[in-house]
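These are the residues of each chain, in order.
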Amino acid sequence: MSIRIFWLLPISAIYITVVWFIRLYMRDRDKRKLLFSIVFVLASIDYIIEFLVIPYTSNLILLNIYLVASIPLQIAIFVAVIETMYSIKDFNKAFNILLLIFASLIVSSLLPFSLQNVLKPIRIVLAVETIGMSFFSFIKKKREDALLFGLSLVCFTSASIGLASNNQGLAVFSFTMAYVFLALVFRKAKGEEGISSYFALKKRLEETERKLRLSEEKYRVIVENTSDVIMLNNPRGIITYVSPSCERLFGYKAKEFLGKTPWELHIVHPDDLRRVALYHRRVKNGLEVKPMEYRIITKEGKIKWISHSISIVRDERSRIVTFISSYRDVTERKEMEHQLSIKVMELERARKAYLNIMEDLKETVENLKRAREEIRKKNKELEELNRDLERKVKERTEEVERLLKAKEELLIQISHDIKTPLTPLCNLLPLVKEMSDQPKVKQLIDVCMRNVNYMRKLVTDTLQLLKADAVKLNMEDIPLLEEVKSLLENYRINLQEKKMDVRVLIEEDVVIKADRVRLREILDNLISNAIKYSKEGGEITIGAKREEDKVKIFVRDNGIGMTKEQLEHVFDEFYKGDTSRHDLTSVGMGLSICKRLVEKHGGKIWAESEGLGKGSTFYFTLPAGEQKSKEIVSNV
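In what follows, the accompanying structure is described.

Basis of the calculations
Residue numbers run consecutively from 1 along every chain, following the written order of its sequence. Only residues with pLDDT of 70 or above have their local features reported here, since the model is predicted, and side-chain atom pairs are shown and tallied only from 80 upward, although totals for entire chains, interfaces and linings are computed over all residues. The side-chain quantities take in all heavy atoms of the structure and omit both hydrogens and water. The way it works is that DSSP assigns letters per residue, a run of H or I at least four long becomes a helix, a run of E at least two long becomes a strand, and they are numbered from the N terminus. Only protein chains enter the calculation, and the probe is 1.4 Å; a residue is then buried if its accessible area is under 20% of its type maximum, exposed if over 50%, and partly exposed in between. In this analysis, two residues are considered to be in contact whenever any of their non-hydrogen atoms come within 4.5 Å of each other. Any pair of nitrogen or oxygen atoms within 3.5 Å is treated as a polar contact; in protein, a donor-acceptor pairing is required on top of that, and neighbouring residues in sequence qualify only through side-chain atoms on both sides. Whether two strands pair comes down to DSSP finding at least two bridges between them. By definition here, a helix of n residues has an expected span of 1.5 Å times n minus one. This arc describes the spread of directions from the helix axis toward the C-beta atoms. Every angle, taken between N-to-C directions, lies between 0 and 180 degrees, and every axis is a line fitted to C-alpha atoms, over only the stretch in contact when it is a helix. Note on angle classes: values under 35 degrees are labelled roughly parallel, values over 145 roughly antiparallel, values of 65 to 115 roughly perpendicular, and the remainder oblique. Crossings are classed by handedness, with left-handed meaning an anticlockwise turn of the near helix from the far one by less than a right angle and right-handed meaning a clockwise turn. The classification used treats Ala, Val, Leu, Ile, Met, Phe, Trp, Tyr, Cys and Pro as nonpolar, Asp, Glu, Lys and Arg as charged, and all other residues, Gly among them, as polar. Two aromatic rings from Phe, Tyr or Trp, using only the six-membered ring of Trp, form a pair when their centres are within 6.5 Å; if the ring planes differ by under 30 degrees the pair is stacked, by over 60 it is edge-to-face, and anything between is tilted. Residues grouped as a nonpolar core are buried Ala, Val, Leu, Ile, Met, Phe, Trp, Tyr and Cys residues, joined through side-chain atoms within 4.5 Å.

### Some thoughts on the overall build of the protein
Move 1: A count of helical and extended segments in the protein gives 21 helices and 15 strands.
Move 2: Relative to its full complement of 636 residues, the protein shows a buried share of 37%.
Move 3: For the protein, the proportion of contacts with a sequence separation of at least 24, taken over those separated by at least 6, is 65%.

Structure, rendered in structure tokens:
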């Protein structure tokens, strides 16, 4: 009973350590702490079984669990010893693999046979490998934590021997000492509150590696995007790296430099070879730090000037590790300096030979100043002329607008003045015709009636065209198919008389946003024209298709068609394309009105025809309304 009480020592030590490790893990998310927390909890299963004196030998599954529970701790210690010698770059991945191994061990405890003979060699191999590597790490790298890991594993092995020989005292003592050694490994690090030296070291190494990779990436981007060429040479002068900009400066690709010395490529101008070699020796001996400028010969044979600076990287013993060279193209500057020196020499010779050149130069400068002043005056005059021109254009524009407005007002007044006497004529002429019995008189009255009706339509359409821009639209969502069907009913008799077919190709869900009255007016004009200019037995097609936020509608006939010239003027006011259209039923205003109304809706209208006798198609667009989905093809 007294020995059982002592099992509380390793159990208490384990769970205190687990709580501590979990707190540390919550702070910095280091998976090593979480790993040791898990294996400590698994190892505690053996101690709890011993403390509770559970007869595990009589239960196969319980025996396997007892045998498996401490192996994850051995594996974790083995991994920790490896990390004292070699850094694990991706510990998160290693953590996941270890969890998978632990889970496999726990599942294997459910197998229907004893794992004692299987796990015994595994325990021995892990113990021997861990102890051997820990002492090797301690001897080679003087790592105290490696030695402590090894001593803890020795204690775990001694505890296993105590359990096997039923020596409970030895087992408890060994287990307790093992955790003492582990506690020494995970002691508080100097200056780092709450973080063990082992964990802190690994965390710092990982953070240092991450910062190093980030720094390397940053400098790589800088080097590869700078216009200067960066070159690295080993102590023997062999090129180990050159930035991509080398091709722009030297003409050689980066891979052509690698593994060679600059002398092998013969890029240094022969006249500068001795000077460059002397510069290299002085830099190597620490006597030269300033950049040197000399000429090179590119792969294409061009001569360029470069500024070459060299920095030396040395190790802790002051031995040269790397030469870092920076090459900058200074050809333009050297050329400018050369040209400048030539000019200076010329000026010096000119000063000595011709003292009066300064007077000529002064006179030339004065002339330039006068010319500049003259140009400034001309520019000012041009600015004033432009302002005057803009003012006149504005005045002419306003005058044209006034004239157009006056024209519209005059046309409106004339139309009203003509419409007033036409009204009684339209009403009285039919009565006069009925009152006369003479056929000749009736025939003359018919001529008068046709001309009077033509004049009235002309006046009405003119007024409608003039007022089209001022029309206020009452926009609403209109199902196009219903509106077209309703409008075709008005033309049923005309279509039957000319034995014409109408095909309506409109989806049922096509909805447009328009003024219903103006929509009917547009469609009425286009359909009536299609009927009027189609032959007997012809066909009219009316269709529509949604295109983004617009609906494109068309009315197609197979009638008389139009020429290219007629297409250009078909929407002009009072235009009638040919003699076949010079009848008193048309005044040439319908399509102009359609154009105004379509543009008022924010759409556009145009006509297409392949030529005379090949029919015409009129297209126009209007804003789209709500959309559904079902295609209806109906014949009227």
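### With respect to the environment of Ile239
Move 1: By the secondary structure assignment, Ile239 is in strand E4 (residues 239-242).
Move 2: Residue classification places Ile239 among the buried residues on the basis of a relative accessible area of 1%.
Move 3: Ile239 sits 23 residues away from Pro262 along the chain, and the two C-alpha atoms are 7.6 Å apart.
Move 4: Excluding its chain neighbours within four sequence positions, the residues that come into contact with Ile239 are Met231, Leu232, Asn233, Phe257, Leu258, Gly259, Lys260, Thr261 and Pro262.

### Focus: the side chain of Ser37
Move 1: Mapped onto the secondary structure, Ser37 falls in helix H3 (residues 31-52).
Move 2: Reaching out from Ser37, the side chain makes a polar contact with the backbone oxygen of Lys33 at a distance of 2.8 Å.
Move 3: In this structure Ser37 touches Val18, Phe21 and Ile22, once residues within four positions along its chain are discounted.

### Regarding the pairing of strand E10 (residues 511-515)
Move 1: Taking burial as the measure, the 5 residues of E10 include 4 buried ones, the bulk of the element.
Move 2: Pairing analysis gives 5 bridges linking strand E8 (residues 475-479) to E10, with the strands arranged antiparallel. The residue of E10 that forms the bridge with Asp477 is Lys513.

### Brief notes about helix H2 (residues 8-28)
Move 1: For H2, built from 21 residues, the straight-helix expectation of 30 Å at 1.5 Å per residue is met to within 8% by its first-to-last C-alpha distance of 30 Å.
Move 2: Residues Pro10, Ile11, Ile14, Thr17, Val18, Phe21, Leu24 and Tyr25 constitute the buried set of H2. Buried residues of H2 fall within an arc of 155 degrees about the axis and therefore sit on the same side. Projecting away from the buried face of H2 at angles above 90 degrees are the exposed residues Ile16, Val19, Arg23 and Arg27.

### Notes on the sheet that holds strand E3 (residues 229-233)
Move 1: On the basis of which strands lie adjacent, the open sheet formed by 5 strands has the order E4-E3-E7-E6-E5 and antiparallel pairing. A strand with exactly one partner marks an edge of an open sheet, and here the two such strands are E4 and strand E5 (292-297). The average undirected angle you get between the axes of adjacent strands in this sheet is 30 degrees.
Move 2: Bridge count for E3 against strand E7 (residues 320-329) is 5 bridges, and the pairing is antiparallel. Following the sheet pairing, Met231 is matched in E7 by Ser325.
Move 3: With respect to the sheet, helix H14 (residues 331-353) is in contact with E5, strand E6 (303-314) and E7, its orientation differing from that of E6 by roughly 125 degrees.

### So, the packing of helix H5 (residues 71-85) against helix H6 (residues 91-108)
Packed helix pairs are specified by the crossing angle of their axes together with the interaxial distance, meaning the distance between the axes.
Move 1: Two elements in contact, H5 and H6, have axes separated by 10 Å at closest approach and are oriented at 155 degrees. Compared by their axis directions, H5 and H6 come out roughly antiparallel. The crossing of H5 and H6 is right-handed. Side by side, H5 and H6 meet where Ile71, Pro72, Ile75, Val79 and Glu83 of the first sit next to Phe91, Leu98, Ile101, Phe102 and Leu105 of the second.
Move 2: Among the residues making up the contact of H5 with H6, the classes are represented as 9 nonpolar, no polar and 1 charged.

### Remarks on the packing of aromatic side chains
Move 1: Following the criterion strictly, the structure yields 7 aromatic pairs and no others.
Move 2: On the numbers, 5.3 Å between centres and 15 degrees between planes, the contact of Trp606 with Tyr619 is stacked. Residue Trp606 is found in strand E13 (residues 605-608), and its partner Tyr619 is found in strand E14 (residues 616-623); the two are separated by 13 residues along the sequence.
Move 3: Given the relative accessible area of 24%, Trp606 is considered partly exposed.

### A closer look at the nonpolar core
Move 1: Judged by nonpolar contacts, the single largest core of 43 residues is most densely connected at Ile506, Ile540 and Phe620.
Move 2: With 7 residues, the top contributor of residues to this core is helix H19 (residues 516-532).
Move 3: Contacts of Phe620, omitting those with residues within four sequence positions, involve Ile522, Leu523, Leu526, Val551, Lys552, Ile553, Val598, Lys604 and Ile605.
Move 4: Formed by 40 residues, the second largest nonpolar core is a distinct cluster that contains Val18, Tyr66, Leu67 and Phe95.

Everything listed here is a matter of geometry and, on its own, says nothing about what the molecule does.
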